[in-house]
Amino acid sequence: SSRKQIMEVFCPPRFSALAHKFGLHPSIAFDLHTGWDLNDTQSVEYVWKCIMDIRPAMLFTSPRCSSFCTFAKWNEHKPGFQSSREEGMRHLKECIAMRKHQHAQGRYFCHEHPLNASSWQLEFVEELMALEGVVLIRCDQCMFGQGTWHNGEWKHALKPTGFLTNCPGVAK
């Protein structure tokens, strides 16, 4: 298709909902919220088939970050943490492979994780960060309405977030 399409992996259709404002067209959002279990090998194979067939101009990925967040160290001793960490690592590696493919094909990607997550220090993430044209952007989620209720009043929440992208428009 000659249409500039976007695809989301490990994301509910957040960006797809805004795609038309930027001259883009949504394709598929692969996420548990949309019925896709990316722990299932066949589902992951289908995601790759769609990436190859659709050739999205932009791929947004936001794999679960709980295993890499600053609070994860407090949960390391809890039952289930190691299996959750392995799942998070598997998902992150799959997303990195998808982003590297996008980059090699001359197409864009955007990856989102908390800025202070330990995932940024992983060797395979650093390899992606080192690719030509890839930049890490800091954004505080309060700019986009992130917040919480405190004593009956809505308060903005800072939540420093990193966006790793090779798209100049996103980097602005």
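The preceding data block contains the structure.
Since the structure is predicted, the reported quantities are computational estimates derived from the model, not experimental observations. (Residues numbered from 1 in each chain as written. Predicted model: local features only at pLDDT ≥ 70, side-chain atom pairs only at ≥ 80, totals over all residues. Heavy atoms only, no water.)

Participant: For the packing of aromatic side chains, give the residues involved together with the corresponding values.
Facilitator: A complete count under the given rule lists four aromatic pairs for this structure. Consider the rings of Phe 30 and Tyr 46, whose centres lie 6.2 Å apart with planes at 70°: the pair is edge-to-face. Placement of the pair is Phe 30 in strand E2 (residues 25-30) and Tyr 46 in helix H1 (residues 41-54), with a sequence separation of 16 residues. Among the residues examined, Phe 30 registers a relative accessible area of 0% and is labelled buried. Note on Trp 36 and Tyr 46: the rings are 5.4 Å apart at their centroids and 5° apart in plane angle, and the pair reads as stacked. Here Trp 36, found in the loop between E2 and H1, pairs with Tyr 46, found in helix H1; they are 10 residues apart in sequence, far enough to count as distant. Relative accessible area serves as the criterion here: at 36%, Tyr 46 is assigned to the partly exposed category. Each residue in the set Phe 30, Trp 36 and Tyr 46 is aromatic and connected to the rest through ring pairs, giving one cluster. (Phe/Tyr/Trp six-rings, centres within 6.5 Å; stacked < 30°, edge-to-face > 60°. Helix = DSSP H or I, 4+ residues; strand = E, 2+ residues; numbered from the N terminus. Buried < 20%, exposed > 50% of the residue type's maximum accessible area, 1.4 Å probe, protein only.)

Participant: So, the side chain of Thr 165: which residues are in play, and what are the values?
Facilitator: With respect to the helices and strands, the residue Thr 165 is situated in strand E8 (residues 160-165). Given a relative accessible area of 0%, Thr 165 falls into the buried group. Here Thr 165 is in contact with Phe 109, Cys 110, Gly 133, Val 134, Val 135, Val 170 and Ala 171, once residues within four sequence places are set aside. (Contact = heavy atoms within 4.5 Å.)

Participant: Before we move on, could you go through the pattern of salt bridges and cite the residues and values that matter?
Facilitator: Enumeration over the complete set of coordinates arrives at three salt bridges. Asp 53 is the salt-bridge partner of Lys 49, the closest N and O atoms lying 2.5 Å from each other. Of this pair, Lys 49 and Asp 53 both sit in helix H1, separated by four residues, roughly a single helical turn. A relative accessible area of 45% places Lys 49 in the partly exposed class. Classification of Asp 53 by relative accessible area gives partly exposed; the value is 44%. A salt bridge links Glu 87 to Arg 64; its shortest N-O distance comes to 3.7 Å. In this pair, Glu 87 sits in helix H2 (residues 81-104) while Arg 64 sits in the loop between strand E3 (58-61) and H2, placing the two residues 23 residues apart along the sequence. (Salt bridge = Lys/Arg side-chain N within 4 Å of Asp/Glu carboxyl O.)

Participant: Tell me about the environment of Thr 34, residues and numbers included.
Facilitator: On the secondary structure map, Thr 34 appears in the loop between E2 and H1. Setting aside anything within four residues of it in sequence, one finds Thr 34 in contact with Pro 13 and Ala 29. Among the polar contacts made by the side chain of Thr 34, one reaches the main-chain carbonyl oxygen of Ala 29 at a distance of 2.6 Å. (Polar contact = N/O pair within 3.5 Å; in protein donor to acceptor, adjacent residues only side chain to side chain.)

Participant: Describe unusual backbone geometry, listing the residues and the values that go with them.
Facilitator: With the exception of glycine, the majority of residues adopt a negative phi angle, and the majority of peptide bonds are in the trans configuration. For Phe 10, which is not glycine, the phi dihedral falls at a positive 60°. Along the chain, Phe 10 falls in the loop between strand E1 (5-9) and E2. Among the residues examined, Phe 10 registers a relative accessible area of 13% and is labelled buried. The phi dihedral of Arg 55 falls on the positive side, at around 50°, and the residue is not glycine. Mapped onto the elements, Arg 55 comes out in the loop between H1 and E3. Judged by its relative accessible area of 46%, Arg 55 is partly exposed.

Participant: Describe H1, and please don't skip the residues or the numbers.
Facilitator: Each α-helix turn comprises 3.6 residues. Residues three or four places apart therefore point the same way. The first and last C-alpha atoms of H1 sit 20 Å apart over 14 residues, in line with the 20 Å expected at 1.5 Å per residue. For H1, the set of buried residues is Ser 43, Val 44, Val 47, Trp 48, Cys 50, Ile 51 and Ile 54. Along the axis of H1, the buried positions cluster into a sector of 155°, meaning they face one direction only. Exposed positions of H1 whose direction lies more than 90 degrees from the buried face are Thr 41, Gln 42 and Glu 45. (Expected span 1.5 Å × (residues − 1). Arc of directions from axis to C-beta.)

Purely geometric numbers; function is a separate question.
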